[in-house]
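In case you want the letters, here they are:
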Protein chains: 2
Amino acid sequence: MKLYDCKIAPNPRRLRMFLAEKGISMQMIEVDILGGENLKAAYQAISPRGLLPTLVLDDGTVIDEVMAICRYFEELQPEPPLLGTDPRSCAMVVSRQRHMEIDGMIAVSEIVRNSSANFAGRGLPGVAAGVPAIAELVDRGTASLSRCLGFLETYLSGSPYVAGDRFSLADITARCTIDFASWANIGIPKTHVHTQRWYDGVSQRPSAAA
Amino acid sequence: MKLYDCKIAPNPRRLRMFLAEKGISMQMIEVDILGGENLKAAYQAISPRGLLPTLVLDDGTVIDEVMAICRYFEELQPEPPLLGTDPRSCAMVVSRQRHMEIDGMIAVSEIVRNSSANFAGRGLPGVAAGVPAIAELVDRGTASLSRCLGFLETYLSGSPYVAGDRFSLADITARCTIDFASWANIGIPKTHVHTQRWYDGVSQRPSAAA
């Protein structure tokens, strides 16, 4: 199989952290998102939606969504479980993961893509130039992220990890969202002591460097 | 357990179709999204993000994301499988489901929420009044949906269902996206013969009426 990666981007990082937690190491092919390599015909012939990471299986199957690639490796190698172990915990991981992704990571992406000259004309991931910035999305994204961080603090006030008692993919998405938010000069609010405790703890895991 | 539903909304419909395919029937509690019942304190005391559907387990666990609720029931009752059966098919269902959801259903939601008087000040799902409409999202959403329908036609030109040989959650999301798009007066393009063949086929399933 082939795995296409981008060192600076938050979605590929989610996958690298996931693989590090699983103890899976594999060669990766670097694609330069900032330089727009993912928008060019050569890459889109491999991954038509232009997204990273993308996994290409030996039979030619293309899996271009990070959550789908995580599911692939979870099914292939269930230990250690990062997507839950019973109906309730499986659902909680998916649920909290999506809270962090939809309200958090996508919100940061909207702030960055609609305010940074690096993404001029690239308002949507993977879509070649021609999607103009929408300035109002910066405020909307900032408000959504603020709400998301509020929920995160609530969750972490009641449990050690984002989806309960065990480290999971929800923690990975939350961690990557917080680090991605630094691109927009947004950090963990000073009053969010539970989030800071959790952040300091997950920073000690080897996967934090992935 | 308690399941909160909304008859007219596309996300609750995804869950109803999923449950119908599983042969699971249960009582549901109707919440009036158009009337803003999901934005009021009484509902948000149950489901803090104000989303539908929401499943509340007997131990009080709140699962407010439709994909997470589907995962819950898939783990509880694996047959018939709607989320894949081996690493490759599990990954393909997640991947294609997300294509249809992110590029399709969320795009339609942005068109509808940012152009309809019914959603004035409600630019994001579940967030009480105060998120103004952003007119440019109507064009961006329309372009995204058009790309999504193009990919859907490509997928269905190569396989009977959206994620391969078997009906799955990816078909449910695609079907609900197409029906939701009618709210924005967008239908299956006349040249998309594979999509129309598939649509006519899935319309024969009992779950289509859910």
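Given the structure is predicted, the values throughout are model-derived calculations rather than measurements.

**Here we look at the overall build of chain A**
Reasoning step 1: Each helix and strand in chain A was counted, giving seven helices and four strands.
Reasoning step 2: Each helix and strand of chain A, placed in order from N terminus to C terminus, yields the pattern β-α-β-α-β-β-α-α-α-α-α.
Reasoning step 3: If you line up chain A on its principal axes, its C-alpha atoms span 50 × 45 × 30 Å.
Reasoning step 4: Considering chain A as a whole, with its 210 residues, one finds that 57% of them fall into the buried category.
Reasoning step 5: The long-range share in chain A, meaning contacts at least 24 apart out of those at least 6 apart in sequence, stands at 66%.
Reasoning step 6: Put simply, chain A shows about 8,500 Å² of open surface, and 56% of that area lies on carbon and sulfur atoms.
Reasoning step 7: Looking at chain A, you have 21 positive and 23 negative side-chain charges, and the mean spots of the two groups are 2 Å apart.

**Focus: the side chain of B:Arg49**
Reasoning step 1: Following the sequence through the fold, B:Arg49 ends up in the loop between α2 (41-44) and β3 (54-56).
Reasoning step 2: A distance of 3.0 Å separates polar atoms of two side chains, one belonging to B:Arg49 and the other to A:His99.
Reasoning step 3: Sequence-distant contacts of B:Arg49, that is, excluding residues within four places in its chain, are made with A:His99, A:Asp103, A:Phe151, A:Tyr155, B:Gln44, B:Asp64, B:Glu65, B:Pro125 and B:Gly126.

**A closer look at the pattern of salt bridges**
Reasoning step 1: The final tally for this structure, using the stated rule, is 32 salt bridges over all chains.
Reasoning step 2: Among the salt bridges present, the one from A:Arg140 reaches B:Glu110, with a minimum N-O distance of 2.8 Å. Pair noted here: A:Arg140 is in helix α5 (residues 136-158) and B:Glu110 is in helix α4 (residues 87-113), and the two residues belong to different chains.
Reasoning step 3: For A:Arg140, a relative accessible area of 10% corresponds to the buried category.
Reasoning step 4: Overall, B:Glu110 belongs to the buried group, its relative accessible area being 12%.
Reasoning step 5: Among the salt bridges present, the one from B:Lys22 reaches B:Glu74, with a minimum N-O distance of 2.7 Å.

**Considering the relation of the copies chain B and chain A**
Reasoning step 1: Least-squares fitting of chain B to chain A yields an RMSD of 0.0 Å, with the superposition described by an axial translation of 0.0 Å and a rotation of 180°. Taken together, these values place the two copies in the relation of a two-fold axis. Nearest to the rotation axis, the C-alpha of B:Ile134 is located 4.2 Å from it, this being the minimum over chain B.
Reasoning step 2: The overlap is high: 100% of the interface residues of chain B also sit at the interface in chain A, so the same surface is used on both sides.

**Things to note about the interface of chain B and chain A**
Reasoning step 1: Listed by partner, the interface residues are 41 residues for chain B and 41 residues for chain A.
Reasoning step 2: Taken as a group, B:Arg49, B:Arg98 and B:Arg140 account for 19% of the area that chain B buries against chain A, more than any other trio of residues on that side.
Reasoning step 3: Counting across the interface, chain B meets chain A through ten salt bridges.
Reasoning step 4: Across the chain B-chain A interface, the total number found is 18 residue pairs in polar contact (both at pLDDT 80 or more).
Reasoning step 5: Here the side of chain B that touches chain A takes 13 residues from α4(B), the largest share from any one element.

**Regarding the pairing of strand β1 (residues 2-5) of chain B**
Residues and elements named next belong to chain B.
Reasoning step 1: Across three bridges, the pairing between β1 and β3 is antiparallel. Bridge assignment links Leu3 to a residue of β3, and that residue is Leu55.
Reasoning step 2: A crossover links β1 with its parallel partner strand β2 (residues 29-30), the connecting element being helix α1 (residues 10-22), and its sense is right-handed.

**Describing helix α4 (residues 87-113) of chain A**
Residues and elements named next belong to chain A.
Reasoning step 1: The terminal C-alpha atoms of α4 lie 37 Å apart, and with 27 residues this matches the ideal 39 Å at 1.5 Å per residue to within 8%.
Reasoning step 2: The sharpest bend along α4 reaches about 35° and sits at Glu101.
Reasoning step 3: A large share of α4 lies buried, amounting to 23 of its 27 residues.
Reasoning step 4: The N-terminus of α4 is capped by Asp86, whose side-chain oxygen sits 3.0 Å from the backbone nitrogen of Arg88.

**A few points about the sheet that holds β2(B)**
Reasoning step 1: Spatially, the four strands line up as an open sheet ordered β2-β1-β3-β4 (chain B), and their pairing is mixed. Each end of this open sheet is capped by a strand with a single partner; those strands are β2 and β4 (62-63) of chain B.

**Details of the environment of A:Glu153**
Residues and elements named next belong to chain A.
Reasoning step 1: Relative to the elements of secondary structure, Glu153 occurs in helix α5.
Reasoning step 2: With relative accessibility at 11%, the residue Glu153 sits in the buried group.
Reasoning step 3: As for Glu153 and Cys70, which are separated by 83 residues in sequence, their C-alpha atoms are 25 Å apart.
Reasoning step 4: With residues near it in sequence (within four places) discarded, Glu153 still touches Thr191, His192, Val193, His194 and Thr195.

**Looking at the sheet that holds strand β3 (residues 54-56) of chain A**
Reasoning step 1: Spatial ordering of the open sheet is given by β2-β1-β3-β4 (chain A), a layout of four strands whose pairing is mixed. Every other strand in the sheet has two partners, leaving β2 (29-30) and β4 (62-63) of chain A as the edge strands with one partner each.

**Comments concerning unusual backbone geometry**
Residue and element names in this part refer to chain B.
Reasoning step 1: With omega at -5°, the peptide bond leading from Leu52 into Pro53 counts as cis.
Reasoning step 2: Backbone torsion omega between Glu79 and Pro80 reads -15°, so that peptide bond is classified as cis.
Reasoning step 3: Tracing the backbone shows Pro80 in the loop between α3 (66-76) and α4.
Reasoning step 4: A positive phi angle, close to 60°, is found at Asn185, a residue other than glycine.
Reasoning step 5: Relative to the assigned elements, Asn185 resides in the loop between α6 (169-181) and α7 (193-202).

**Here we look at a nonpolar patch on the surface**
Reasoning step 1: A contiguous nonpolar patch, built from A:Ile8, A:Leu34 and A:Trp183 and spanning about 280 Å² of accessible area, is present on the exposed surface.
Reasoning step 2: With relative accessibility at 41%, the residue A:Trp183 sits in the partly exposed group.

**Structural notes on the packing of α4(B) against helix α5 (residues 136-158) of chain B**
Two numbers describe a pair of packed helices, the interaxial angle and the distance between the axes.
Residue and element names in this part refer to chain B.
Reasoning step 1: Two numbers describe how α4 lies on α5: the axes approach to 8 Å, and their chain directions differ by 150°. Between α4 and α5, the crossing angle belongs to the class labelled roughly antiparallel. For α4 against α5, the interelement crossing comes out left-handed. Contact residues: α4 offers Arg96, His99, Met100, Asp103, Gly104, Ala107, Val108, Glu110 and Ile111, while α5 offers Leu137, Val138, Arg140, Gly141, Thr142, Ser144, Leu145, Cys148, Leu152 and Tyr155.
Reasoning step 2: Split by residue class, the contact of α4 with α5 holds ten nonpolar, five polar and four charged.

The rules behind these values
- Residues numbered from 1 in each chain as written.
- Chains lettered and ligands numbered in written order.
- Predicted model: local features only at pLDDT ≥ 70, side-chain atom pairs only at ≥ 80, totals over all residues.
- Heavy atoms only, no water.
- Helix = DSSP H or I, 4+ residues; strand = E, 2+ residues; numbered from the N terminus.
- Buried < 20%, exposed > 50% of the residue type's maximum accessible area, 1.4 Å probe, protein only.
- Contact = heavy atoms within 4.5 Å.
- Areas by Shrake-Rupley, 256 points an atom, 1.4 Å probe, with all protein chains shown as cover.
- Lys, Arg positive; Asp, Glu negative; His and termini not counted.
- Charge placed at Lys NZ, Arg CZ, Asp CG, Glu CD.
- Polar contact = N/O pair within 3.5 Å; in protein donor to acceptor, adjacent residues only side chain to side chain.
- Salt bridge = Lys/Arg side-chain N within 4 Å of Asp/Glu carboxyl O.
- Least-squares fit on C-alpha atoms with pLDDT ≥ 70 in both.
- Buried area = accessible area lost by both parts, 1.4 Å probe.
- Pairing = 2+ DSSP bridges.
- Right-handed = clockwise from strand over helix to strand, strands pointing away.
- Expected span 1.5 Å × (residues − 1).
- Bend = angle between axes of the 7 residues up to and from the residue.
- Patch = residues over 30% accessible without salt bridge, like charges linked within 9 Å, V, L, I, M, F, W, Y side chains within 5 Å.
- Axes fitted to C-alpha atoms, helices over the stretch in contact; angles between N-to-C directions.
- Parallel < 35°, antiparallel > 145°, perpendicular 65-115°, else oblique.
- Left-handed = near helix turned anticlockwise from the far one by under 90°.
- Nonpolar A, V, L, I, M, F, W, Y, C, P; charged D, E, K, R; others polar.

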